[in-house]
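Take a look at the letters that make up each chain.
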Amino acid sequence: MRMSIQKRLEKELTRLSQQNAYRKLPRPTEGLDFCSNDYLGLAKNKSLQTIIQKEFSSQNLSHNGATGSRLLSGNNEYYEATECCMANYFEDESALLLNSGYMANIALLSSVPNRRDTIIYDQACHASIKDGIRLSQARHTPFKHNDLNDLHRKLKQASGNIFIMVESIYSMLGDCCPLAEIVSLAQQFDAEIILDEAHSTGIYGQHGQGLAHSMELHDHIFARIFTFGKAIGSHGAAILGSNQLIKYLINKARPFIYTTALPLHSVVSIRCGLNFISEHPSLLNQLWKNMEIFNKNKPNTLNIGNSARSPIQSITIPTNESVQMASQEINNLGYQVLPIRSPTVPKGQECIRICLHADHTKQQLIGLLEALQKVTASI
Ligand SMILES: Cc1ncc(COP(=O)(O)O)c(C=O)c1O
């Protein structure tokens, strides 16, 4: 007999609860922020807020919202000028603004590779990448996380145009991709690299132009995705690539074509945020100093991944129940951290995801490490 839809939803929600995987919207909690992606503190930076407001008022706006898709009523000279600034900033031919990193990955992956092509992606890639691949007609295959031998094996089996999809810094594990080696494999197999720079935007490179730029490898990357809701403290994303790629996306990428453009306020915030980072190099220096302090002082007993050069530090605590309990106890000690449960990460890799910020003090970092040590020892 057919189950009513309400019953079916209830049954699934009960199953999630039983597996400690039920999601509910959290209330803001007290304590030091070690969980948000606001790595440079720009989302709450008062001077930047004032700069954004001034810039926004100077634009003489007649609308609050964009009023339509960029291809209809939603375009504005300011968007195009910002995209030119981004192309200069990230050193690429062209840029295209998208409403979020999620949309950017879906836009690119669903429209560029065709059914004769192959996408080879790191198995630890973000959900938006996996969803974009699902919408693509291309053949696709994962390779083991950061495993160059497995990538090599998959490249040998691939056909058509080949795309290698990787992230600069993996959002849950906090480790970097071995970009130089991936570039050399891509050259060997004539493959194109798509690099999601979500967690390296604003962090790697002299002015935060990302991992590829910091290694002077950006010319070898087919497309880079930068997101502005993390270190830039705003919202939205951009795809950087050739003039041809950007014109193609404007014509073919459904998440660009069939949606209302970002409100101008967001575009102003992104542009001011990027300028702010260039003009305040001390922010980046301070974040890198904090990564060093954290890594120098972390005890061996903590099961932390290979994330010495990353603002994301991931401490594995297997099982949803244990990771939830541990994070609650750390919160009780005054540090806001979040448990990452399965199925967001594979079973057995449940973790506490810690985000280091530029404005954390040494004392706060050491305090967190002590709290982590105390709580994990008792589990
Ligand atoms: C690697 C990666 N790519 C893309 C996204 C999506 O970016 P946005 O939050 O701008 O949609 C995220 C967000 O968490 C991410 O971690």
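This is a predicted model, so every value here is computed, not measured.

Q: I tried to follow the site of the ligand on my own but got confused; where do I start?
A: Around the ligand lies a shell of 13 residues, among which G101, Y102, D196, H199 and K230 are the nearest. With respect to the ligand, the backbone of G101 contributes an N or O atom lying 2.8 Å from an oxygen atom. K230 places a side-chain nitrogen or oxygen 2.9 Å from an oxygen atom of the ligand. Contact with the protein chains removes 81% of the 390 Å² of surface that the ligand exposes when unbound. The element best represented in the shell around the ligand is helix α4 (residues 101-111), accounting for three residues.

Q: Even after reading the chapter, I still don't get the pattern of salt bridges, so can you show me in this structure?
A: Working definition: two side chains of opposite charge can pair if their charged atoms are close together. All told, the structure shown has nine salt bridges when counted by the stated rule. A salt bridge links R224 to D92; its shortest N-O distance comes to 3.1 Å. With R224 in strand β7 (residues 223-227) and D92 in the loop between α3 (77-89) and β2 (94-98), this residue pair connects regions lying 132 residues apart in the sequence. Judged by relative accessible area, which is 0%, R224 ranks as buried. Here the residues in one salt-bridge network are D38, K44 and D359, joined through shared partners.

Q: What's the story with the domain arrangement of the chain in this structure? I'm lost.
A: The accessible area lost on association of the parts is a frequent measure of interface size. Looking at the chain, the domain boundaries give domain 1 (24-45 + 281-377) and domain 2 (59-279). For domain 1 versus domain 2, the distance between C-alpha centres works out to 26 Å. Of the residues lining the interface, 26 residues belong to domain 1; the matching set on domain 2 comes to 24 residues. Where domain 1 abuts domain 2, roughly 1800 Å² becomes buried across the two surfaces, and 65% of that area is made up of carbon and sulfur atoms. Of all residues in domain 1, L42, P281 and L284 give up the largest surface area on contact with domain 2, accounting jointly for 26% of the area buried on that side. Summed over the shared surface of domain 1 and domain 2, the result is zero salt bridges. Across the domain 1-domain 2 interface, the total number found is six residue pairs in polar contact (both at pLDDT 80 or more). Every element with two or more residues in the side of domain 1 that touches domain 2 is listed here: α12 (281-297), β9 (312-316) and β12 (351-355). Examining the composition of the side of domain 1 that touches domain 2, we find that six residues originate from one element, α12, more than from any other.

About the criteria used
- Residues numbered from 1 in each chain as written.
- Predicted model: local features only at pLDDT ≥ 70, side-chain atom pairs only at ≥ 80, totals over all residues.
- Heavy atoms only, no water.
- Near = heavy atom within 4 Å.
- Polar contact = N/O pair within 3.5 Å; in protein donor to acceptor, adjacent residues only side chain to side chain.
- Areas by Shrake-Rupley, 256 points an atom, 1.4 Å probe, with all protein chains shown as cover.
- Helix = DSSP H or I, 4+ residues; strand = E, 2+ residues; numbered from the N terminus.
- Salt bridge = Lys/Arg side-chain N within 4 Å of Asp/Glu carboxyl O.
- Buried < 20%, exposed > 50% of the residue type's maximum accessible area, 1.4 Å probe, protein only.
- Domains from an automatic or database assignment.
- Contact = heavy atoms within 4.5 Å.
- Buried area = accessible area lost by both parts, 1.4 Å probe.

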